[in-house]
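Chain by chain, the residues run as shown.
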Amino acid sequence: QVRLVESGGGLVQTGGSLRLSCAPSERRFSNYVGGWFRQAPGKEREFVASIDRSGGSTYYDDSVKGRFTISRDNAKNTVYLQMNSLKPEDTAVYYCAAGRTSSRDMAVSHATGYWGQGTQVTVSS
């Protein structure tokens, strides 16, 4: 079983920034599509961003375009989500995800096979 561990969540004010990191238990995260989803209380889990195995193709939900950037460093075996210009509506538990198909499939069909435990992001004001 692939295990993913997120870190970097916290409490920030509107307009602030956070960077989330996702580290897998597997030796080669580069074998997997990477991505991020989020879930606010009482709402469905929603897609945030995805990235292909090489980092060359990325997808974003419209709500975060221009503010969030997904990236990966395969040498460090880590996927990141840089979040800028945070808004209160970004408040949610953020989950790292990994898949076996494509970043497009993860964006369009939410195709994932593995999940982290989540990290809380709270944006005040």
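Above this text you will find the structure in question.
This report concerns the structure included in the present document. Bear in mind that the values here come from a model prediction, so they are computed numbers and not experimental data.

Each value, and the rule that gives it
Residues numbered from 1 in each chain as written. Predicted model: local features only at pLDDT ≥ 70, side-chain atom pairs only at ≥ 80, totals over all residues. Heavy atoms only, no water. Helix = DSSP H or I, 4+ residues; strand = E, 2+ residues; numbered from the N terminus. Rg over C-alpha atoms; globule rule 2.2 N^0.38 Å. Buried < 20%, exposed > 50% of the residue type's maximum accessible area, 1.4 Å probe, protein only. Pairing = 2+ DSSP bridges. Core = buried A, V, L, I, M, F, W, Y, C linked by side-chain atoms within 4.5 Å. Contact = heavy atoms within 4.5 Å. Disulfide = S-S within 2.5 Å. Polar contact = N/O pair within 3.5 Å; in protein donor to acceptor, adjacent residues only side chain to side chain.

### Considerations on the overall build of the chain
Working step 1: Regarding its fold elements, the chain presents 1 helix and 11 strands.
Working step 2: Of the regular secondary structure in the chain, the N- to C-terminal order runs β-β-β-β-β-β-β-β-β-α-β-β.
Working step 3: Computed over its C-alpha atoms, the radius of gyration of the chain comes to 13 Å, within 12% of the 14 Å expected for a compact globule of 125 residues.
Working step 4: Dimensions of the chain, computed from C-alpha atoms along their principal axes, come out at roughly 40 × 25 × 25 Å.

### Concerning the pairing of strand β8 (residues 78-83)
A regular strand carries its side chains on alternate faces of the sheet.
Working step 1: Within β8, 5 of the 6 residues are buried, which leaves it mostly tucked inside the rest of the structure.
Working step 2: As paired strands, strand β3 (residues 18-24) and β8 are joined by 5 bridges and run antiparallel to one another. Bridged to R19 within β8 is Q82.
Working step 3: Pairing geometry for strand β7 (residues 68-73) and β8, over 6 bridges, is antiparallel.

### Focus: the nonpolar core
Soluble, globular proteins show a tendency: their nonpolar side chains are buried together.
Working step 1: Counting residues in each nonpolar core, the largest one holds 26 residues, and the members touching the most others are F29, W36, V48, F68, L81, M83 and Y94.
Working step 2: It is strand β9 (residues 92-99) that provides the largest number of residues to this core, a total of 4 residues.
Working step 3: Those residues in contact with F68 that lie beyond four places of it in its chain are R38, V48, Y60, L81, Q82, M83, N84, L86, D90 and Y94.
Working step 4: In this structure, F37, F47, M106 and A107 belong to the second largest nonpolar core, which totals 6 residues.

### Observations regarding unusual backbone geometry
Working step 1: Positive phi values are uncommon outside glycine, yet N77 reaches one of about 60°.
Working step 2: Structurally, the position occupied by N77 is in the loop between β7 and β8.
Working step 3: Of note, H110 is a non-glycine position whose phi angle comes to about 55°, a positive value.
Working step 4: Mapped onto the elements, H110 comes out in the loop between α1 (103-109) and β10 (114-115).

### Quick word on the state of the cysteines
Working step 1: As enumerated under the stated definition, the model contains 1 disulfide in all.
Working step 2: The residue that forms a disulfide with C22 is C96, at a sulfur-sulfur distance of 2.0 Å. Of note, the bridge from C22 to C96 carries an S-S torsion of about -85° and is left-handed in sense. In this pair, C22 sits in strand β3 while C96 sits in strand β9, placing the two residues 74 residues apart along the sequence.
Working step 3: Residue C22 is classed as buried on the basis of its relative accessible area, which comes to 0%.

### A look at the pairing of β3
Working step 1: Most of β3 sits inside the fold, with 5 of its 7 residues counted as buried.
Working step 2: For strand β1 (residues 4-7) and β3, the ladder comprises 4 bridges, and the chain directions are antiparallel. Paired with S7 across the strands is S21, a residue of β3.

### A word on the side chain of T78
Working step 1: Its location among the elements puts T78 in strand β8.
Working step 2: Looking at T78, the relative accessible area reads 11%, which means it is buried.
Working step 3: One polar contact links the side chain of T78 to the main-chain carbonyl oxygen of K76, over a distance of 2.9 Å.

Just distances and angles here, no functional claims.
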